[in-house]
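Report on the structure
The lines below spell out each chain.
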Amino acid sequence: MLNKGLPEKDLFLFFAQKKGEDLDHDYILSSMCTPPHPVAVRAHCMFIETNLGDPGLFLGTASLEKLLIERLGTLFHHPTAGGYATSGGTESNIQALRLAKEQKKEIPAPNVVVPESAHFSFKKACDILSLEMRTVPLDSTLKMDAAKAAEIVDKNTICLVGVAGTTEYGLIDPISELAAIASERDIFFHVDAAFGGMVIPFLDHTIPFDFSLPGVTSIAVDPHKMGMGTIPCGCLLTRQPDMLTSLNIDTPYLSVKQEYTLAGTRPGAPVAGALAVLDYLGVEGMQAVVAGCMKNTWRLVDGMETYGIPRAVTPDLNVATFICKDVPDRWKVSWTRRGHLRIVCMPHVHRDRIEAFLEDIGELYA
Ligand SMILES: *Cc1c(COP(=O)(O)O)cnc(C)c1O
């Protein structure tokens, strides 16, 4: 630490310089995060000092968290769902597996069955919770093979996981089939909709992935991705309103006697931010945002294919992937484990950015 503090002016000159070293969003095509919506920023700043880890002190903020869960539960066809705001998909997935483990405490060597395409957070979760992680191969369309999942599940399986919007390809696993398998065998079924949960409900066609399917036990969704909220905000939802209380531990010295969250101190600001976006835009506003992202995704796919660069898969959501070797340096793209070019058409990736990218690609490949 500095012995003597800095003048504010110097401090913020330094910060401005560091901020300038961050990449410009105009060229970021690889991220599932996006600059927050202005109403999220305003709400976030308004609740900046709040701590949901001590909800008895922040009654209003705590009621906003309840409202956020209620909004998402309703969106996912189950208004009475339980849940809370996490730091993101990773925490939601860890907590879902904790919940699943808690329901089947008698199983001595528990395993979790996830698709090969599952987010790496499941590795962390299984490591922390000492669970065996079994991966199900993907079918030719790079979605989880439900028939193979049914073979891999056994009497020691405490949780089956399906992904609604895979991180790498934006694909939706056959959630209805997986839910049926889980129902039939009485297995906890967690849907990781960290990305897709804020996209699928707003598409112009219906894809069942949520509590409308009786086998779905819990859902992870990240308002800090397509929800255009401020970072960090994920949510974990459970069908059973009070399931999370099975994780309760005693909390001396706080305003509440028990808690089931993973983190102790928890920010209320991003919760307000996430709710602000949902209530400001409403379903119609979200549909417009998603429609724009999908339109840009298809324009990108069409444009790339005009240059002879084929899609790797046909996108379900606003993630476009290609069989392509290289792109000009200034564009920040990413590459999947299978070596495909991956571009996420987030709200900040406007049509003019897609056209500028295609123009650059054209110079390389046309
Ligand atoms: C982003 C993502 C996660 C992890 O979420 P974080 O907010 O980065 O912790 C988990 N699952 C899926 C499908 C994701 O896209």
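So, here is what we can say about the structure in this document. (Residues numbered from 1 in each chain as written. Predicted model: local features only at pLDDT ≥ 70, side-chain atom pairs only at ≥ 80, totals over all residues. Heavy atoms only, no water.)

1. Side note on the overall build of the protein
The test is simple: Runs of H or I in DSSP of at least four residues are treated as helices and runs of E of at least two as strands, each being numbered from the N terminus. Throughout, radius of gyration means the C-alpha value; the globule benchmark is 2.2 Å times the number of residues raised to the power 0.38. Any residue under 20% of the maximum accessible area for its type is buried, any over 50% is exposed, and the rest in between are partly exposed; the area is computed with a 1.4 Å probe on protein chains only. Residue contacts are defined here by distance: any two heavy atoms, one from each residue, within 4.5 Å place the two residues in contact. Think of it this way: Lys and Arg go in the positive column, Asp and Glu in the negative one, and His and the chain ends go nowhere. We put the charge of a Lys on NZ, of an Arg on CZ, of an Asp on CG and of a Glu on CD.
Regarding its fold elements, the protein presents 9 helices and 12 strands. At 21 Å, the protein has a C-alpha radius of gyration in line with the 21 Å of a compact globule built from 366 residues. C-alpha extents for the protein along the principal axes are approximately 65 × 60 × 45 Å. By residue count, 53% of the 366 residues in the protein fall in the buried class. In the protein, the share of contacts with a sequence separation of at least 24, taken over all contacts with a separation of at least 6, comes to 71%. Computed over 33 positive and 44 negative side-chain charges, the inter-centroid distance for the protein is 2 Å.

2. Let's talk about the packing of aromatic side chains
Our working definition: In summary, the pairing rule links any two rings of Phe, Tyr or Trp, Trp by its six-membered ring, whose centres are within 6.5 Å, and it sorts them by plane angle into stacked for under 30 degrees, edge-to-face for over 60 and tilted for everything else.
With the rule as written, the count across this model stands at 6 aromatic pairs. For the ring pair phenylalanine 12 and phenylalanine 15, a centre distance of 5.5 Å and an interplane angle of 85° mean the geometry is edge-to-face. Note that phenylalanine 12 and phenylalanine 15 are positioned in helix α1 (residues 8–21) at a spacing of 3 residues, about one turn of the helix. For phenylalanine 15, a relative accessible area of 41% puts it in the partly exposed group.

3. A few points about the pattern of salt bridges
Here is the rule we go by: Salt bridge, as used here: a side-chain nitrogen of Lys or Arg that lies within 4 Å of a carboxyl oxygen of Asp or Glu.
The tally for this structure, following the rule as stated, stands at 16 salt bridges. Where aspartate 316 meets lysine 143, a salt bridge forms, and the shortest distance between an N and an O atom there is 2.9 Å. Taken as a pair, aspartate 316 in the loop between α8 (269–306) and β10 (319–322) and lysine 143 in the loop between β3 (132–136) and α6 (146–152) lie far apart in primary sequence, 173 residues in all. For aspartate 316, a relative accessible area of 19% gives the class buried. Aspartate 222 is the partner of lysine 225 in a salt bridge, and the nearest nitrogen-oxygen pair spans 3.4 Å. With respect to class, lysine 225 is no different from aspartate 222; both count as buried. When salt bridges that share partners are traced, they join Glu132, Arg134 and Asp154 into one network.

4. Considerations on helix α9 (residues 351–365)
Side chains of residues three or four places apart in an α-helix project in the same direction, reflecting 3.6 residues per turn. In plain terms, the rule: Helix span, expected: 1.5 Å multiplied by one less than the number of residues in the helix.
For α9, built from 15 residues, the straight-helix expectation of 21 Å at 1.5 Å per residue is met to within 8% by its first-to-last C-alpha distance of 21 Å. Check the buried side of α9 and you find it contacts α8 and β12 (341–344).

5. With respect to the state of the cysteines
What counts is decided by this rule: The disulfide definition used here is simple: a pair of cysteine sulfur atoms within 2.5 Å.
Inspection of every chain in the model, using the stated rule, returns 0 disulfides. A disulfide-free cysteine, cysteine 45 has its sulfur positioned 15 Å from the sulfur of cysteine 233, the nearest such atom. Cysteine 235 carries a free sulfur, and the closest cysteine sulfur to it, the one in cysteine 233, is 4.7 Å from it.

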